[in-house]
Amino acid sequence: MAHINQNFLKLPGGYLFPEIGRRVRAFSAQNPPMPLIRLGIGDVTQPLAPAVVDAMVKASKEMGVKETFRGYCEETCYAYDFLRFAIQDAYRERGVAIADDEIFVSDGAKSDCGNIGDIFSADNVVAVCDPVYPVYVDTNAMAGRAGDHDGEKWDSLIYLPCTAENGFFPDLPTNKVPDLIYICSPNNPTGTAATKEQLKVWVDYANAHGSIILFDSAYEAFISEEGVPHSIFEVEGAKTCAIEFRSFSKSAGFTGTRCAYTVIPKALEREGASLNALWNRRQGTKFNGVPYVIQRAAEAALSPEGRVQTKAAINYYLNNAKVIREGLTAAGLTVYGGVNAPYLWVKTPDSIPSWDFFDLLLKKACVVTTPGAGFGPSGEGYIRVTAFGDAEATKEAVRRIASIL
């Protein structure tokens, strides 16, 4: 008889976003008085940049010609040189030297953040910021690192509260030293971004204890303030303690196109083993690479023309964030984020529970948000609002929310 992974049975309920979808579908079946405006799931709405589309069309045509057809990608790190070199150049522009064989192209930062655990022992102690992107928690629960769930928390995880009191950036743990530390900046869900000084504290801590920082910088393209690092490798010492995840999903609108990359420095070793080599072995066994057409599209997104065009979309979303931030603040709500990220973290009025406020906005304003409680215990009392909607719909959503407060 086959045996299942018992850790899956420990997972509470369903993944956050399917539960939101279930509630929205149930409400939609009741003939809501107004069209729904979705500011919940962080999916992009602007089309791919013309340079990206042109590159995809050209590459697709190449696939229809014998002389230019491509099969399996057998180049370094299972990614074509042209894309790895383009990524390498983008890092170099920020003063960060990354070797091309330290760059691993994949189908998404979400996949890599979840799969990276394959190269680490199941008995590693994991620390997560709270609130947190659910993938970090759920994938470690599936691997058996989270322990048991008590209805609120996993008993083997170290939760690092990120609250208004500490500027939504975690303090160092005092009771137990984590082996793996997840940090996301700009942060999902709070929309805040860490300074170089804040990251330096964690880099020094990780190097001192032999810990690994798993740094999710999927939203770095939204950083608008000077002095905010786009990469943890801008921090001295990070190459011996950090792995970085990046994505084209939000920076170039690739949520439906799927392309990302992970950077693992060759200087990063533990127990005499190269983590770069381990990940290369893992990817070679379980992954065959991102399609040629998509890699050409990603290369185009990093071209001078592509950057101008994708930056226009990013500015569109950041303007939406400004509209939300200013509108909800004027309506009396306390709002964080939205300056260096496409997310806004909104405190619920009168200490209303997150799911209750989510339901109120859904049923009274026909606006879909994300309840903060779905991101962890410290998310209770907040909702996350995304800036990825249509500009006019975003303005209307703010007006509706303000009208019911």
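Let me begin by describing the structure that accompanies this report. Everything quoted here is computed from the prediction, not taken from an experiment.

As a further point, take the overall build of the protein chain. Along the backbone of the protein chain there are 11 helices and 15 strands. Expected size for 405 residues packed as a compact globule is a radius of gyration near 22 Å; at 21 Å, the protein chain falls within 12% of this value. Working note: accessible area of the protein chain is about 17,500 Å², and carbon and sulfur atoms make up 52% of it.

Strand 7 (residues 242-247) sits mainly inside the fold: six of its six residues count as buried. Every second residue of strand 7 is oriented toward a common face, with A242, E244 and R246 on one face and I243, F245 and S247 on the other, all of them buried. For strand 6 (residues 212-216) and strand 7, the ladder comprises four bridges, and the chain directions are parallel. Paired with I213 across the two strands is A242, which belongs to strand 7.

Scanning the entire structure with this criterion turns up 19 salt bridges. A salt bridge links D89 to R92; the shortest N-O distance between them is 2.4 Å. Of this pair, D89 and R92 are both found in helix 3 (residues 81-93), three residues apart, which corresponds to roughly one turn of the helix. Among the residues examined, D89 registers a relative accessible area of 37% and is labelled partly exposed. Accessibility expressed as a relative area gives 47% for R92, which makes it partly exposed. With a shortest N-O distance of 3.6 Å, E392 and K395 are connected by a salt bridge. Separated by three residues within a single helix, E392 and K395 lie in helix 11 (residues 391-404), roughly one turn from each other.

The next thing to look at is helix 11. With 14 residues, helix 11 should reach 20 Å at 1.5 Å per residue; the first-to-last C-alpha distance of 21 Å fits that figure. Those residues of helix 11 that sit buried are A391, T394, A397, V398, R400 and I401. Lining the buried residues of helix 11 we find strand 1 (37-38), helix 9 (304-330), helix 10 (354-365) and strand 13 (367-368).

As a further point, take the sheet that holds strand 8 (residues 260-263). Strands in a sheet are paired, the pairing made by backbone hydrogen bonds, and the direction either parallel or antiparallel. Strand order across the open sheet formed by seven strands is 2-8-7-6-5-3-4, with mixed pairing between neighbours. The open sheet is flanked by strand 2 (103-106) and strand 4 (158-161), the only strands paired with a single partner. The sheet shows a mean angle of 20° between the axes of neighbouring strands, direction not considered. Here strand 3 (residues 126-130) runs beside strand 5 (residues 180-184); their pairing, made up of three bridges, is parallel. Across the sheet, the residue bridging to V128 is Y182, located in strand 5. This element, helix 7 (residues 275-286), spans strand 2, strand 6, strand 7 and strand 8 of the sheet and lies at about 25° to strand 2.

Where strand 3 meets strand 4, four bridges bridge the pair, whose relative direction is parallel. Paired with A127 across the bridge in strand 4 is I158. Once you follow strand 3 into helix 5 (residues 134-143) and on to strand 4, the crossover reads as right-handed.

What follows covers the packing of aromatic side chains. Pairs of aromatic rings are described using the distance from one ring centre to the other and the angle between the two planes. Enumeration according to the criterion identifies 19 aromatic pairs in this entry. Where F168 meets Y382, the ring centres are 6.2 Å apart and the plane angle is 85°; that geometry is what we call edge-to-face. Residue F168 is located in the loop between strand 4 and strand 5, and its partner Y382 is located in strand 15 (residues 382-386); the two are separated by 214 residues in the primary sequence. Residue F168 shares its accessibility class with Y382, and that shared class is buried. Measuring from ring centre to ring centre gives 5.8 Å for Y316 and Y317, while their planes differ by 85°; the resulting arrangement is edge-to-face. With a relative accessible area of 23%, Y316 lands in the partly exposed category. Classification of Y317 as buried rests on a relative accessible area of 2%. The aromatic ring of F85 is capped on one face by R84, whose charged end is 5.7 Å from the ring centroid.

Moving on to the sheet that holds strand 11 (residues 335-337). Here four strands make up an open sheet; going across it, the order is 11-12-15-14 and the pairing antiparallel. Edge positions in the open sheet fall to strand 11 and strand 14 (370-371), since each of these has one partner strand only. Direction of pairing for strand 12 (residues 343-347) relative to strand 15: antiparallel, over a ladder of five bridges. Looking across to strand 15, one finds that Y343 is bridged to T386.

Geometrically, the link from D130 to P131 is a cis peptide bond, its omega value of 15° lying close to zero. One can find P131 in the loop between strand 3 and helix 5. P186 follows S185 through a cis peptide bond whose omega is -5°. Position of P186 among the secondary structure elements: in the loop between strand 5 and helix 6 (196-209). Of note, Y78 is a non-glycine position whose phi angle comes to about 60°, a positive value. With respect to the secondary-structure elements, Y78 resides in the loop between helix 2 (50-62) and helix 3.

L83, I213, F233, F248, F254 and C259 are the most contacted members of the largest nonpolar core, which has 52 residues in total. In terms of residue count, helix 8 (residues 292-301) provides more of this core than any other element does, six residues in total. What I213 contacts, discounting residues up to four positions off in sequence, is I181, I183, W202, V203, A206, I232, C241, A242 and I243. One finds V132, A141, L157 and Y159 within the second-largest nonpolar core, a separate group that totals 31 residues.

Calculation rules
Residues numbered from 1 in each chain as written. Predicted model: local features only at pLDDT ≥ 70, side-chain atom pairs only at ≥ 80, totals over all residues. Heavy atoms only, no water. Helix = DSSP H or I, 4+ residues; strand = E, 2+ residues; numbered from the N terminus. Rg over C-alpha atoms; globule rule 2.2 N^0.38 Å. Areas by Shrake-Rupley, 256 points an atom, 1.4 Å probe, with all protein chains shown as cover. Buried < 20%, exposed > 50% of the residue type's maximum accessible area, 1.4 Å probe, protein only. Pairing = 2+ DSSP bridges. Salt bridge = Lys/Arg side-chain N within 4 Å of Asp/Glu carboxyl O. Expected span 1.5 Å × (residues − 1). Contact = heavy atoms within 4.5 Å. Axes fitted to C-alpha atoms, helices over the stretch in contact; angles between N-to-C directions. Right-handed = clockwise from strand over helix to strand, strands pointing away. Phe/Tyr/Trp six-rings, centres within 6.5 Å; stacked < 30°, edge-to-face > 60°. Lys NZ or Arg CZ within 6 Å of the ring centre and 35° of its normal. Core = buried A, V, L, I, M, F, W, Y, C linked by side-chain atoms within 4.5 Å.

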